[in-house]
Amino acid sequence: MEIKAKNVFVTGSTRGIGLSIAHEFARRGANVVLNGRSEISEDLLGQFSDYDVTVIGISGDISQEADAKRMVEETIDQLGSLDILINNAGITNDKLMLKMTEADFEKVLKINLTGAFNMTQAVLKPMTKARQGAIINISSVVGLTGNIGQANYAASKAGLIGFSKSVAKEVASRGIRVNVIAPGFVESDMTDVIPEKMKETIIGQIPMKRIGKPEEVASVATFLAEQEYITGQVLAIDGGMTMI
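Residues numbered from 1 in each chain as written. Predicted model: local features only at pLDDT ≥ 70, side-chain atom pairs only at ≥ 80, totals over all residues. Heavy atoms only, no water.

### Observations regarding the pattern of salt bridges
Scanning all chains against the criterion turns up 7 salt bridges. As a salt-bridge pair, R70 and D67 come within 3.4 Å of each other at their nearest N and O atoms. Here R70 pairs with D67, and both are found in helix α3 (residues 65–79), just 3 residues apart, close to one helical turn. When the shortest N-O distance is used, the salt bridge between K95 and D104 registers 2.9 Å. Take D104: its relative accessible area is 9%, and that puts it in the buried class. (Salt bridge = Lys/Arg side-chain N within 4 Å of Asp/Glu carboxyl O. Helix = DSSP H or I, 4+ residues; strand = E, 2+ residues; numbered from the N terminus. Buried < 20%, exposed > 50% of the residue type's maximum accessible area, 1.4 Å probe, protein only.)

### With respect to the packing of α3 against helix α4 (residues 102–130)
The geometry of α3 relative to α4 is characterised by a closest axis approach of 8 Å and an angle of 40° between their N-to-C directions. As the angle between them shows, α3 and α4 are arranged oblique. Of the two elements, α3 crosses α4, and the hand of that crossing is right-handed. Taken together, the residues of α4 that come into contact with α3 (itself represented by E65, A68, K69, M71, V72 and I76) are N118, M119, Q121, A122, V123 and P126. A breakdown of the residues in the contact of α3 with α4 according to their chemical character gives 8 nonpolar, 2 polar and 2 charged. (Axes fitted to C-alpha atoms, helices over the stretch in contact; angles between N-to-C directions. Parallel < 35°, antiparallel > 145°, perpendicular 65-115°, else oblique. Left-handed = near helix turned anticlockwise from the far one by under 90°. Contact = heavy atoms within 4.5 Å. Nonpolar A, V, L, I, M, F, W, Y, C, P; charged D, E, K, R; others polar.)

### Considering the environment of S59
Mapped onto the secondary structure, S59 falls in the loop between β3 (55–57) and α3. Overall, S59 belongs to the partly exposed group, its relative accessible area being 27%. Along the sequence, S59 and N35 sit 24 residues apart, while their C-alpha atoms lie 5.2 Å from each other. If sequence neighbours within four positions are ignored, S59 has contacts with N35, G36, R37, S38, E39, R70 and M71.

### A closer look at empty space enclosed by the protein
By the definition in use, this model includes 1 cavity of 30 Å³ or more. There is about 40 Å³ of room inside the largest cavity. What lines the largest cavity is simply T11, I62, N87, N88, A89, N112, G115, A116, I138 and L160. The element contributing the most residues to the lining of the largest cavity is α4, with 3 residues. A breakdown of the residues in the lining of the largest cavity according to their chemical character gives 5 nonpolar, 5 polar and no charged. (1 Å grid on protein atoms, 1.4 Å probe; cavity = no way out; pocket = protein on both sides within 12 Å on 5 of 7 lines; lining within 4 Å. Points joined across faces, edges and corners; volume = space filled by probe spheres on them.)

### Some thoughts on the side chain of K157
Tracing the backbone through its elements, the reader meets K157 in helix α6 (residues 151–171). One buried charged residue, K157, remains without a salt bridge, the closest side chain of opposite sign being D94 at 11 Å. Among residues more than four places away in sequence, those in contact with K157 are N112, I138, S139, S140 and G143. (Lys, Arg positive; Asp, Glu negative; His and termini not counted.)

### A word on unusual backbone geometry
We note that A5 has phi near 75°; this positive angle belongs to a residue other than glycine. Inspection of the secondary structure puts A5 in the segment before β1 (7–10). A positive phi angle, near 60°, is found at K209, a position not held by glycine. Checked against the element boundaries, K209 lands in the loop between α8 (196–204) and α9 (214–226).

### Quick look at the sheet that holds strand β6 (residues 176–183)
Read from one edge of the open sheet, 7 strands run β3-β2-β1-β4-β5-β6-β7, paired in parallel fashion. Lying at the two open borders of the sheet, with one neighbouring strand each, are β3 and β7 (234–237). Taken pair by pair, the neighbouring strands of this sheet meet at an average axis angle of 20°, ignoring direction. Sheet analysis places β1 next to strand β2 (residues 31–34), joined by 4 bridges and oriented parallel. (Pairing = 2+ DSSP bridges.)

### Section: the pairing of strand β5 (residues 133–138)
Judged by how many residues are buried, β5 sits mostly within the fold: 6 of 6 residues are covered. Of the two faces of β5, the one holding G133, I135 and N137 and the one holding A134, I136 and I138 are both buried throughout. The handedness of the strand β4 (residues 84–87) to β5 crossover, carried by α4, is right-handed. Across 6 bridges, the pairing between β5 and β6 is parallel. Following the sheet pairing, I136 is matched in β6 by N179. (Right-handed = clockwise from strand over helix to strand, strands pointing away.)

### So, the nonpolar core
General note: in soluble globular proteins, nonpolar side chains tend to be found buried as a group. Counting 31 residues, the largest nonpolar core has I21, F25, I84 and I86 as the members making the most contacts within it. Looking at this core, the elements that each hand over two or more residues are β1, α1 (16–27), β2, β4, β5 and α9. Excluding anything up to four places from it in sequence, I86 contacts V8, F9, V10, T11, I21, F25, I136 and I138. Among the nonpolar cores identified, the runner-up in size contains 26 residues, and V33, I56, L82 and I176 belong to it. (Core = buried A, V, L, I, M, F, W, Y, C linked by side-chain atoms within 4.5 Å.)

Structure (structure tokens):
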């Protein structure tokens, strides 16, 4: 798929990996929908003024089915189509299993997994009608390996992988591709607050001996959007942490 002039919706794109993905698509000539639960600020939209594309903000809660449907409808009303969906939005709520409540568990799954379900279901009808589309779900290496204190987060990210492979099989014949990116430790607000000693330990476990950059995840997202013969795959962007 040639992504220039295509329309891409990036959930959770007000900062971090999501924002980097939005910038990379805009740089490559795609029109972009920025998304968050709060109203998208003019300052954030202004970051995209140098690109010769249309960038709009549509706010809403992806964990709510009605919001997901509304946001897809608004995108199509304003841009004419929705060609690429990036399910990036996610939260953490870390606790050891013995202290984790059902509410702690469900809160993370509701955003990370049910949110992706809601958005994917909402875009499949117009994508099926167009007989083309790309859906890219942002999982995590934690969904592949597990992690202490993150049973809820790991479950949501592992679930996203199984979800993606299942949907990929259902819609491949209709020209729609579904793939997964599983980032490792990537520079973000979350990694910025990790104590230096802990960060050194983490880096010591990464074969490439450094933390990844959001831009490196973003470039893989545009790659997967372009490739018309790749579907149902999981690409780990982790400096070799999960190599077999």
